[in-house]
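Residue-level structure breakdown
The residues making up each chain are set out below.
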Amino acid sequence: MLEVSNALDIVLGRTAALPAVSVRLSAGALGRVVTEPVTSDLDSPPYAKSVMDGYAVRSQDTLAPANLTVIEEVPAGRMPTRSVGPGQAARVMTGAPIPDGADAVIPHEEVQASGDMVRVARAVKPGTFILPRGREMRAGDVVIPAGTVLTPVAFGLLAAVGRTDVRVHPAPRLAIISTGDELVEPPTRPGPGQIRNSNGPMLVALAALAGAEARYLGIARDDKAGLAMLVRDGLDQSDVLVLSGGVSAGKFDFVPDVLRELGVESHFHKVRMKPGKPLLFGTRGATLVFGLPGNPVSSFVGFELFIRPALRKMGGQAIPGPTFVPVPLAADLNADNDRPTYAPATLNRTADGLRVHPAGWFGSADLRGLLVTDALIALPAGAVSYTAGFAVPTLPLNL
Ligand code: AMP
Ligand code: MG
């Protein structure tokens, strides 16, 4: 059976970054990856400016205690009209341009002002409290390289260089179908033999937090025609189609058949992992198709191990993940699993650093056990006996 790492290689091998589009700098653009180097259209600051409220002076006038004549007051947003000559100073506010002639700023709390005179008792070096023109950036500098993630700081920088839009890899469009005759949508109270559909809302939310545009198509009943109708819709104008349920070998698990009949090429249909073994991955053209096992925790783990990385790669992220990091166990751990296992766990910050605590968890249907966790730990197949402090591969769930 296919190992997780090989399955991930297959998925990522079939996944490409989406072609660039232009977006406005609104909340929807946060987290997108820039596809073009963004250059500055001007020097910043555009003039030498004061970083203090104080007095612009000639530093050589301060070598000995001196009384200087204040010739002008320069607020931020106005250019000085006079240059500072020997024995003179100009009052400058934070952000104000430095007048010609001056080469240092003395903060106002360090001088004694009376009338139009200031007494300077301490020598200042040239350049003190002045941000030189172009110190932050020069016109033509690349300030945001291609590949940068649009963070709030990047928004600020784009604004500083006059940009209101930028080219990025767009949000992947993801369609979601739940399958199962037993499912009812909340708030409906399940009848005999029925359960509520947990996966639909969970997958929509996972997709949203992963930066995708999710389209929920509803529940497909366990019959071929109904399923085919929704799958057709899901394949249309989607970058990714995700189905939950109906991928196992049960009599009514029609997902593999229907996908094949609709032209989806299957690349694998089982992965050596727990939970979530009967995971199906296929493609039709550039559209990726994932069939996740219906148990909610299986669906969740399948999303984290395969779908989130694919979405990251489509979005142009350099590191698609999943990125497991070694974290010491908070307590002893004994396990004996027949397959490599991804178990819910909790990360705790301690004085000695991060510790991971396996969660009480009864298996792939236990969404309640998963609620209070914020990581998955990877355990190998077979019997393991770890003592507290042993570092296990841990995937933080930065939801
Ligand atoms: P399946 O993969 O269709 O064989 O389903 C496996 C288990 O997950 C069954 O117990 C289903 O009832 C349950 N299940 C399937 N889909 C969902 C869903 N959308 N929400 C909650 N449980 C589900
Ligand atoms: Mg089912």
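Quantities reported herein were computed from a predicted structural model and do not represent experimental measurements.

A short note on the site of ligand 1
Taken together, 15 residues lie near ligand 1, and Glu182, Asn197, Ser198, Gly246 and Gly294 sit nearest. Taking Glu182, its side chain carries an N or O atom lying 2.5 Å from an oxygen atom of ligand 1. In this structure, an oxygen atom belonging to ligand 1 sits 2.8 Å away from a main-chain N or O atom of Gly246. Relative to its free-state accessible area of 490 Å², ligand 1 is covered by the protein chains to the extent of 77%. Each residue belonging to the shell around ligand 1 can be placed in one class, and the counts come to 4 nonpolar, 9 polar and 2 charged.

So, unusual backbone geometry
That bond from Pro186 to Pro187 is cis: its omega, 5°, falls within 30 degrees of zero. Summarising the element assignment, Pro187 is placed in the loop between β14 (183–184) and β15 (195–196). Located in the positive-phi region is Phe129, a residue other than glycine, with phi close to 60°. Its place among the elements puts Phe129 in the loop between β9 (117–120) and β10 (130–131). Here Phe129 falls in the partly exposed class, since its relative accessible area comes to 30%. One non-glycine residue, Gln237, lies in the positive phi region at around 55°. You can see Gln237 is positioned in the loop between α4 (224–235) and β17 (240–244).

Comments concerning the packing of helix α1 (residues 4–13) against helix α6 (residues 296–314)
Interaxial distance between α1 and α6 falls to 10 Å at its minimum, and their mutual angle equals 30°. Like other packed secondary-structure pairs, α1 and α6 cross with a definite hand, here right-handed. In this structure, α1 uses Val4, Ala7, Leu8, Val11 and Leu12 to contact α6, whose residues at the interface are Leu305, Phe306, Pro309, Ala310 and Lys313. Residues of the contact of α1 with α6, tallied by class, amount to 9 nonpolar, no polar and 1 charged.

Here we look at the environment of Val21
The residue Val21 is located in strand β1 (residues 21–24) in this model. Val21 sits in the partly exposed class, given a relative accessible area of 30%. Residues in contact with Val21, not counting those within four places in the same chain, are Val166, Arg167, Val168 and Pro170.

Describing the side chain of Arg339
Tracing the backbone shows Arg339 in the loop between β22 (333–337) and β23 (341–350). With residues up to four places along the chain from it excluded, the contact list for Arg339 reads Arg272, Met273, Lys274, Lys277, Pro380 and Ala381.

Quick look at the packing of aromatic side chains
A full pass over the atoms with the stated rule returns 6 aromatic pairs. Ring centres 6.5 Å apart and planes at 85° place the aromatic pair Phe252 and Phe254 in the edge-to-face group. A residue is classified by how much of its surface remains accessible, and Phe252, at 46% relative accessible area, is partly exposed. Between Phe281 and Phe290, the aromatic rings sit 5.1 Å apart at their centres with planes inclined by 40°, giving tilted as the arrangement. Comparing Phe281 with Phe290 shows no difference in burial state: the two are buried. Among the aromatic residues, ring-to-ring pairing joins Phe268, Phe281, Phe290 and Phe306 into one connected group.

Some remarks on the sheet that holds strand β16 (residues 213–220)
With respect to topology, 6 strands assemble into an open sheet ordered β16-β13-β17-β20-β19-β18, the strand pairing being mixed. Because the sheet does not close on itself, it has two edges, and the strands there are β16 and β18 (265–268). Averaged over all pairs of adjacent strands, the angle between strand axes in this sheet comes to 20°, irrespective of strand direction. The pairing of β18 with strand β19 (residues 280–284) spans 3 bridges and is classified as antiparallel. The partner of Phe268 across the bridge, within β19, is Phe281. Running at roughly 165° to strand β13 (residues 173–179), helix α3 (residues 199–209) makes contact with β13, β16, β17 and β20 (287–292) of the sheet.

A closer look at the sheet that holds β9
Pairing within the open sheet is mixed, and its 6 strands lie in the order β7-β4-β6-β5-β9-β8. Of all the strands in the sheet, the pair left with one neighbour each is β7 (104–107) and β8 (111–114). Within this sheet the neighbouring strands show an average axis-to-axis angle of 35°, counted without direction. Taken together, the 4 bridges between strand β4 (residues 54–57) and strand β6 (residues 88–92) define a ladder with antiparallel strand orientation. When the sheet's bridge partners are listed, Tyr55 is paired in β6 with Arg91.

Some points on the side chain of Asp366
Within the element layout of this structure, Asp366 appears in the loop between β24 (353–358) and α7 (367–371). Although Asp366 lies buried, it forms no salt bridge, and the closest oppositely charged side chain, Arg368, sits 6.4 Å away as judged by the N-O distance. For Asp366, the side chain forms a polar contact with the main-chain nitrogen of Arg368, separated by 3.4 Å. With sequence-adjacent residues up to four places away left out, Asp366 is seen in contact with Val297, Gly360 and Trp361.

Points about the packing of α3 against α6
Direction vectors running N to C along α3 and α6 enclose 25°, while the axes themselves pass 11 Å from each other. In terms of orientation, α3 lies roughly parallel with respect to α6. Seen along the crossing, α3 lies across α6 with a hand that is right-handed. For the pair α3 and α6, contact is made by Asn199, Met202, Leu203, Leu206, Ala207 and Leu209 and by Pro296, Ser299, Phe300, Phe303, Glu304 and Arg308, respectively.

As for the pairing of β13
Summarising burial for β13: 6 of the 7 residues are buried, a large majority. Inspection of the sheet shows β13 paired to β16 by 7 bridges, in the parallel sense. Residue Ser178 lies in a different strand from β16, and its bridge partner there is Ile219. Alignment of β13 against β17, held across 5 bridges, turns out to be parallel.

Conventions we followed
- Residues numbered from 1 in each chain as written.
- Chains lettered and ligands numbered in written order.
- Predicted model: local features only at pLDDT ≥ 70, side-chain atom pairs only at ≥ 80, totals over all residues.
- Heavy atoms only, no water.
- Near = heavy atom within 4 Å.
- Polar contact = N/O pair within 3.5 Å; in protein donor to acceptor, adjacent residues only side chain to side chain.
- Areas by Shrake-Rupley, 256 points an atom, 1.4 Å probe, with all protein chains shown as cover.
- Nonpolar A, V, L, I, M, F, W, Y, C, P; charged D, E, K, R; others polar.
- Helix = DSSP H or I, 4+ residues; strand = E, 2+ residues; numbered from the N terminus.
- Buried < 20%, exposed > 50% of the residue type's maximum accessible area, 1.4 Å probe, protein only.
- Axes fitted to C-alpha atoms, helices over the stretch in contact; angles between N-to-C directions.
- Left-handed = near helix turned anticlockwise from the far one by under 90°.
- Contact = heavy atoms within 4.5 Å.
- Phe/Tyr/Trp six-rings, centres within 6.5 Å; stacked < 30°, edge-to-face > 60°.
- Pairing = 2+ DSSP bridges.
- Lys, Arg positive; Asp, Glu negative; His and termini not counted.
- Salt bridge = Lys/Arg side-chain N within 4 Å of Asp/Glu carboxyl O.
- Parallel < 35°, antiparallel > 145°, perpendicular 65-115°, else oblique.

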